[in-house]
Amino acid sequence: MIRKLVLFTEGIETLSFFTKEMGKAFEKSGYEVFYFNQCKEYDSLSNLLWFAEPKITAAISFNFSGCSGEDYMIDAKGINFFEAREIPFFNIVVDPPFYYHKFLPYLPKDYTQISIDREHERYLKRFFPEIKRGPFLPLAGTPLWEENTLPGWEERPVDVIFTGNYIAPSQYEKTITRINNEYTEFYYSIIRDLIEHPHMGMAEGIIQHMERDVEDLTEEGLKENMPNMIMIDLYVRNYFRGEVVKALADSGIKVVCYGAGWDALDCKHPENIINGKFQNSLVCLQKISKSKISLNVMPWFKEGGHDRVFNSMLNGAVCITDWSKYLEEELQDGSDVFFYELDELQQVSELTAKLLKDRERWEYMQKKAYQTAKRSHTWEQRVMFIQKEILCKIP
């Protein structure tokens, strides 16, 4: 029976924050947790040698930390530490899987990949059927408050907040145009299709175009070329992130943006975008707690959730978000959140302006959203699921 867990911290800040929240919940459940500090990898490895015991230890990671070919994790025979110790490794991947083909040769033998979006699961099943897949596990949120302590309307001086970075799509043009005009038009045809059909999955849209437009394409060729499409995902997600914030700003609504890059957004009324600069995850939660409305633009997870939605609900800001199939299954439009469509962006400013004039509706939604998210969408809830569906099933 698994009693000890290895978790990875001090890599990407957001993922480290998720990890620590999960770690607290695991410790509360009685597990002994070792936090592998990726900024002090050799010191951590020395301590890990004493901590990790076969049969009773498992490792849980985000985005391939600990299994991406790190030198300090590989012995003289080229074997990953966790494989050598016969420790099962569970990797939660929070981006489309075509971002990570290059890491697959380094995976330990007892490896399971966990997806946060059902489209990611289908991709893995099609192109990497040899990789063991765990159960679907959406992202979750972190509450700073109990329901009876949530700051109310008058304690929230910010009307609208957005937490996340922005990169102008023009920054990707050099990559998109790097080969020749034919390739450039091919890439932009995919981008235009995704923008015009925002319910389409990212991998789904790319694969449709490649199967239709690339001659003599084999399944292996399709698989090999998918990592070349990362810039399409980044272009489209940043395009819509900018367009949504622009829609609000140009309608006269001020938006406080906490993240890098917002001074690069081209809009008619830049004075309505207040640049809060980059902040860490905890500060973002604190800022959400001082805001009436939290704006969300999904990073193209059409069959998953996002921590920004659940963080908003758990910290008392009513969330206005674009649609995803999973969110539609889990949340009630008009009670837990407000949904808008990416191809009807006037909805965003209309919903926002209306809600800012309706304190009674806002107070109802704040309470309802908190209760829904606290019941089902915290990292503690996700840890309970991992215990039941994964750890308790390890022989």
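Residues numbered from 1 in each chain as written. Predicted model: local features only at pLDDT ≥ 70, side-chain atom pairs only at ≥ 80, totals over all residues. Heavy atoms only, no water.

Details of the overall build of the protein chain
Item 1. Looking only at helices and strands, the protein chain features 15 helices and 12 strands.
Item 2. In terms of overall dimensions, the protein chain is globule-like: its C-alpha atoms have a radius of gyration of 22 Å, near the 21 Å expected for 395 residues.
Item 3. A principal-axis box enclosing the C-alpha atoms of the protein chain has dimensions of 65 × 60 × 35 Å.
Item 4. Here the protein chain, with 395 residues, has 57% of them falling under the buried criterion.
Item 5. The long-range share in the protein chain, meaning contacts at least 24 apart out of those at least 6 apart in sequence, stands at 68%.
Item 6. Surface exposure of the protein chain reaches about 17,900 Å², of which carbon and sulfur atoms provide 49%. (Helix = DSSP H or I, 4+ residues; strand = E, 2+ residues; numbered from the N terminus. Rg over C-alpha atoms; globule rule 2.2 N^0.38 Å. Buried < 20%, exposed > 50% of the residue type's maximum accessible area, 1.4 Å probe, protein only. Contact = heavy atoms within 4.5 Å. Areas by Shrake-Rupley, 256 points an atom, 1.4 Å probe, with all protein chains shown as cover.)

A closer look at the side chain of His120
Item 1. Inspection of the secondary structure assignment puts His120 in helix 4 (residues 118-127).
Item 2. Residue classification places His120 among the buried positions, given a relative accessible area of 4%.
Item 3. Discounting residues that sit within four places of it in the chain, His120 has contacts with Asp95, Pro96, Pro97, Ser115 and Phe301.

Observations regarding unusual backbone geometry
Phi is mostly negative for residues that are not glycine, and the peptide bonds are mostly trans.
Item 1. A positive phi angle is found at Lys55, which is not glycine, with a value near 80°.
Item 2. Tracing the sequence through the fold places Lys55 in the loop between helix 2 (41-51) and strand 3 (57-62).

Observations regarding the sheet that holds strand 1 (residues 4-9)
Item 1. The six strands lie next to each other as 2-1-3-4-5-6, forming an open sheet whose pairing is parallel. Two strands in the sheet have a free side with no partner beyond their single neighbour: strand 2 (32-37) and strand 6 (132-133).
Item 2. Where strand 1 lies against strand 2, six bridges are found, and the strand directions are parallel. Its bridge partner being in strand 2, Leu5 is matched across the sheet by Val33.
Item 3. Set on the sheet, helix 2 makes contact with strand 1, strand 2 and strand 3; between it and strand 2 the angle comes to about 155°. (Pairing = 2+ DSSP bridges. Axes fitted to C-alpha atoms, helices over the stretch in contact; angles between N-to-C directions.)

A short note on the packing of helix 1 (residues 13-28) against helix 10 (residues 281-288)
Item 1. Here helix 1 crosses helix 10 at 80°, and the two axes come no closer than 9 Å. Relative to helix 10, helix 1 is oriented roughly perpendicular. Every residue of helix 10 that contacts helix 1 at Glu13, Thr14 and Phe17 is listed here: Ser281, Leu282 and Leu285.
Item 2. Of the residues assigned to the contact of helix 1 with helix 10, the class counts are three nonpolar, two polar and one charged. (Parallel < 35°, antiparallel > 145°, perpendicular 65-115°, else oblique. Nonpolar A, V, L, I, M, F, W, Y, C, P; charged D, E, K, R; others polar.)

A closer look at the sheet that holds strand 11 (residues 318-322)
Item 1. Taking strand neighbours across the sheet as the criterion, the six strands line up as 9-8-7-10-11-12 in an open arrangement whose pairing is parallel. If you trace the sheet from one side to the other, it starts and ends with strand 9 (273-275) and strand 12 (338-340), each paired once. Shown here is a sheet whose adjacent strand axes are inclined to one another by a mean of 25°, direction ignored.
Item 2. Its contacts with the sheet place helix 9 (residues 230-250) against strand 7 (158-163), strand 8 (255-258), strand 9, strand 10 (291-296) and strand 12, and it is angled at close to 140° to strand 10.
Item 3. In the packing of helix 13 (residues 346-356) onto the sheet, contacts are made with strand 7, strand 10, strand 11 and strand 12, and the angle to strand 12 comes to roughly 155°.

Digging into the nonpolar core
Item 1. Counting 84 residues, the largest nonpolar core has Leu48, Phe82, Ile232 and Tyr340 as the members making the most contacts within it.
Item 2. Sorting elements by how many residues they give to this core places helix 9 first, with 10 residues.
Item 3. If sequence neighbours within four positions are ignored, Phe82 has contacts with Val6, Phe8, Leu48, Ala59, Gly66, Met73, Ile87 and Phe89.
Item 4. Counting 44 residues, the second largest nonpolar core, distinct from the first, contains Met22, Leu137, Leu331 and Leu391. (Core = buried A, V, L, I, M, F, W, Y, C linked by side-chain atoms within 4.5 Å.)

Considering the environment of Gln208
Item 1. With respect to the helices and strands, Gln208 occurs in helix 7 (residues 202-213).
Item 2. The exposure class assigned to Gln208 is partly exposed, which follows from its relative accessible area of 38%.

Observations regarding the pattern of salt bridges
Item 1. Evaluated as defined, the whole model comprises 19 salt bridges.
Item 2. The salt bridge partner of Lys292 is Asp159, with a shortest N-O separation of 3.4 Å. Of this pair, Lys292 sits in strand 10 while Asp159 sits in strand 7, and the two are 133 residues apart along the sequence.
Item 3. Using a relative accessible area of 36% as the deciding quantity, one classes Asp159 as partly exposed.
Item 4. Via salt bridges that share partners, Arg126, Glu211 and Glu219 belong to a single interconnected network. (Salt bridge = Lys/Arg side-chain N within 4 Å of Asp/Glu carboxyl O.)

Notes on helix 11 (residues 307-314)
Since there are 3.6 residues in each turn of an α-helix, residues three or four apart along the chain are aligned in direction.
Item 1. Taken across its eight residues, helix 11 has eight buried, putting it largely inside the fold.
Item 2. Where helix 11 terminates, the next one or two residues include Gly316, which has phi positive at roughly 85°.

Brief notes about helix 13
Item 1. Among all positions in helix 13, only Val348, Ser349, Leu351, Thr352 and Leu355 are buried. Buried residues of helix 13, viewed axially, fall in a sector of 165°; they line one side. In helix 13, the exposed positions that point more than 90 degrees away from the buried face belong to Glu350 and Lys354.
Item 2. Residues of helix 13 that are buried in the fold lie against strand 7, helix 9, strand 10, strand 11, strand 12 and helix 14 (359-376). (Arc of directions from axis to C-beta.)

Thoughts on the state of the cysteines
Item 1. Within the structure shown, the criterion is met by zero disulfides.
Item 2. Cysteine Cys319 remains unbridged, with the sulfur of Cys284 as its closest cysteine sulfur at 14 Å. (Disulfide = S-S within 2.5 Å.)

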